[in-house]
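Spelled out from the first residue to the last, the chains are:
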Amino acid sequence: MNRPRVTPGPVLALTAVWLATRALMLWLLTHDSARLLGGGSVTREVWRLYVHWYGVLGHGAFPAHDTTWQYPPGAGVVLLAPGLLPWLTYFQAFVVLTLAADALVATALVRAGTRPGRSLLGAALWTGGLPLLLHLPLARYDVQVTALAVLSLLALARSPRAGGVYGALGALVKVWPALVLLGTPRERTTRTAWTWATAGGAAALALLAVSFNNPLAFVREQGGRGVQIESLGGTALNLARHAGWPGRAQYRYGAIELAGPHVTAVTTASLTCTAAAFGLLLLWRVRARRWSEATPFDAALSAVLLFTVTSRVISPQYMIWLLGLAAVCLTSRYTSQRPVALLVLAASALSSVAFPMFYREVVDGTWTGCLLMLARNATLAAAAVLSFVRLWRSTRPSAGNTVPAREPRPDSDRLQDRALSVS
């Protein structure tokens, strides 16, 4: 069987762009102390917070009674990984491993995009979109988490078992990758992926629980979080400061949060909206009738967008997740999320303007800061609504068509049929 030839030109061009943009991101990282780049605030999380956690984890325990530790136990493995490169400082090793995860995502997207009927647009979006966040992705471990989510989605068609395990491992690192399995085709693929996700996640959690003390310490601290200044609720409260609201910004739980009257009500509203979003996604799952190869990708992006915009916290690194999922969507020519991907790119660019470039304006609640966050969050909200509407429409049967949904066939089956027809 002859496979279609892949023109090397686009792949070589993407490689050159990746190398150039990552070199630029590294240059920005070395100039992090510049005022316009945050005055050192971007890299501080690695050399101060991550290094501290590394020391605690190295003694066989997760941080307990630490309000900044709000991550599942799998995060400990990622934060210990720089120890595998002892000839480098912790910061240097962390950046090297983050770049390796970035390259892994780009390579996986290129491989997916060069298959028959696929597109390299996904690899192009990741390669060109991540630098919109400046050097922030190199100083957070969200690239590693996104890599697990991307691998999960791309593996589903060929190996639902591997897709389920990757999703479970991602969820153990930062919870949200559990959402990537929401759109798995019904019946066999869903049973296989979800079963292996449950088994793989339980085995990994048990291993971590045996190896470290306090594996569930993060639950208590996560539940105590308030309204972060960059969330939709935080933007509303920040605007209210101009109307006389007496609240103030303060550093709590590792982020800048707003404190004052009515914050509890905003927190409750955010949690209610998150529950409503989950209900909408369950309704979609029950009512969906048509699945294409892109449906699992589109559902993952829509789910994470909905949970992001309704969250009490929208940290700038969350955009890394959305860029990765949007890139996976664009590897398929059947995706319904192309305009959503453009909105994600726009929101990423606005996020960088807000943090680190004008974060002081955001914290102080000036009109500049408020309008920046309003623009970013309005773009994200529009992306979430548009994403869900297009997902819903793409999986509803056409007028008069009552044919039940049919599970997409694995790539190997389709290629086998093509070979038989040729012979």
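For the structure itself, look to the data block above.
Residues numbered from 1 in each chain as written. Predicted model: local features only at pLDDT ≥ 70, side-chain atom pairs only at ≥ 80, totals over all residues. Heavy atoms only, no water.

A. Representation of the side chain of S351. By secondary structure assignment, the location of S351 is in helix α14 (residues 338-357). You can call S351 buried: its relative accessible area is 3%. If we skip the residues at most four places from it in the chain, S351 touches L133, M319 and R376. (Helix = DSSP H or I, 4+ residues; strand = E, 2+ residues; numbered from the N terminus. Buried < 20%, exposed > 50% of the residue type's maximum accessible area, 1.4 Å probe, protein only. Contact = heavy atoms within 4.5 Å.)

B. Region of the structure containing the sheet that holds strand β2 (residues 248-252). Judged by pairing direction, the sheet is antiparallel, and its three strands sit side by side in the order β1-β3-β2 without closing on themselves. Where the open sheet ends on each side, the last strands, each with one partner, are β1 (227-228) and β2. Inspection of the sheet shows β2 paired to strand β3 (residues 255-259) by five bridges, in the antiparallel sense. Opposite R252, over in β3, you have A255 as the bridge partner. (Pairing = 2+ DSSP bridges.)

C. Fine view of the packing of helix α1 (residues 8-30) against helix α4 (residues 90-113). Contact geometry for α1 and α4: axes closest at 12 Å, N-to-C directions at 155°. Classified by the angle between their axes, α1 and α4 sit roughly antiparallel to one another. In the crossing of α1 with α4, the sense of the turn from one axis to the other is right-handed. Residue-level inspection shows V11, L14, W18, R22, L26 and L29 of α1 in contact with α4, the latter providing F91, V95, L99, D102, A103, A106 and V110. Across the contact of α1 with α4, the residue classes break down as 11 nonpolar, no polar and two charged. (Axes fitted to C-alpha atoms, helices over the stretch in contact; angles between N-to-C directions. Parallel < 35°, antiparallel > 145°, perpendicular 65-115°, else oblique. Left-handed = near helix turned anticlockwise from the far one by under 90°. Nonpolar A, V, L, I, M, F, W, Y, C, P; charged D, E, K, R; others polar.)

D. Just helix α7 (residues 160-174), in detail. With 15 residues, α7 extends 21 Å from end C-alpha to end C-alpha; this agrees with the ideal 21 Å at 1.5 Å per step. Here α7 has its buried residues at P160, G163, G164, G167, A168, G170, L172, V173 and K174. Contact partners of the buried residues in α7: α3 (74-80), α6 (142-156), α8 (188-211) and α13 (318-330). Of the residues one or two after α7, V175 is the one with positive phi, at around 65°. (Expected span 1.5 Å × (residues − 1).)

E. Representation of the packing of aromatic side chains. According to the stated counting rule, one finds 17 aromatic pairs in the structure shown. On the basis of an interplanar angle of 55° and a centroid distance of 5.1 Å, the ring pair of Y54 and Y90 is categorised as tilted. Here the residue Y54 occupies a position in helix α2 (residues 44-57), and Y90 occupies one in helix α4, the gap between them amounting to 36 residues. Of the residues examined, Y54 reaches a relative accessible area of 29% and is grouped as partly exposed. Chaining the aromatic ring pairs together yields one cluster made of Y50, W53, Y54, F62, W69, Y71, Y90, F94, Y141 and F212. (Phe/Tyr/Trp six-rings, centres within 6.5 Å; stacked < 30°, edge-to-face > 60°.)

F. A look at a positive patch on the surface. A grouping of R333, R338, R390 and R393 is seen on the molecular surface, where their side chains present a positively charged patch. Mapping R333 onto the fold places it in the loop between α13 and α14. Judged by relative accessible area, which is 53%, R333 ranks as exposed. (Patch = residues over 30% accessible without salt bridge, like charges linked within 9 Å, V, L, I, M, F, W, Y side chains within 5 Å. Areas by Shrake-Rupley, 256 points an atom, 1.4 Å probe, with all protein chains shown as cover. Salt bridge = Lys/Arg side-chain N within 4 Å of Asp/Glu carboxyl O. Lys, Arg positive; Asp, Glu negative; His and termini not counted. Charge placed at Lys NZ, Arg CZ, Asp CG, Glu CD.)

G. Focus on the pairing of β3. Taken across its five residues, β3 has five buried, putting it largely inside the fold. Across the two faces of β3 the burial is the same, with A255, E257 and A259 and I256 and L258 all buried. Bridge analysis of β1 against β3 gives two bridges, and the strand direction is antiparallel. The residue of β3 that forms the bridge with V227 is L258.

H. Quick peek at unusual backbone geometry. A cis amide bond links F355 with the next residue in sequence, P356, at an omega value of 15°. The backbone of H262 shows a phi angle near 75°, a positive value even though the residue is not glycine. Residue position: H262 is located in the loop between β3 and α11 (263-287). You can call H262 exposed: its relative accessible area is 59%.

I. Summary view of the environment of G122. For G122, the position within the fold is in helix α5 (residues 121-129). Filtering out sequence-adjacent residues up to four positions away, G122 remains in contact with L109, A327, L330 and T331.

J. Geometry of the side chain of T310. Mapping T310 onto the fold places it in the loop between α12 (295-309) and α13. A distance of 2.9 Å separates a polar atom in the side chain of T310 from the backbone oxygen of L306. Within the structure, T310 has its side chain in polar contact with the backbone oxygen of F307 (distance 3.5 Å). (Polar contact = N/O pair within 3.5 Å; in protein donor to acceptor, adjacent residues only side chain to side chain.)

K. Examining the environment of T189 more closely. With respect to the element layout, T189 can be found in helix α8. Overall, T189 belongs to the buried group, its relative accessible area being 9%. Taking C-alpha positions, T189 is 30 Å from A209, a pair spaced 20 residues apart along the chain.

L. A look at the packing of α4 against α5. Close contact between α4 and α5 brings their axes to 8 Å; oriented N to C, the two are set at 160°. As far as their axial angle goes, α5 and α4 are roughly antiparallel. Judged by the sense of rotation from one axis to the other, the crossing of α4 with α5 is left-handed. Packed against α4, whose contacting residues are D102, V105, A106, L109 and V110, the element α5 presents G122, A123 and W126 at the interface. Among the residues forming the contact of α4 with α5, the class breakdown is six nonpolar, one polar and one charged.

M. Quick look at a nonpolar patch on the surface. Among the surface-exposed residues, L205, L216 and V219 lie close enough to one another that they form a single nonpolar patch of about 260 Å² accessible area. Mapped onto the secondary structure, L205 falls in helix α8. Residue class for L205 comes out partly exposed when judged on its relative accessible area of 32%.

Any link to function would need more than the numbers given here.
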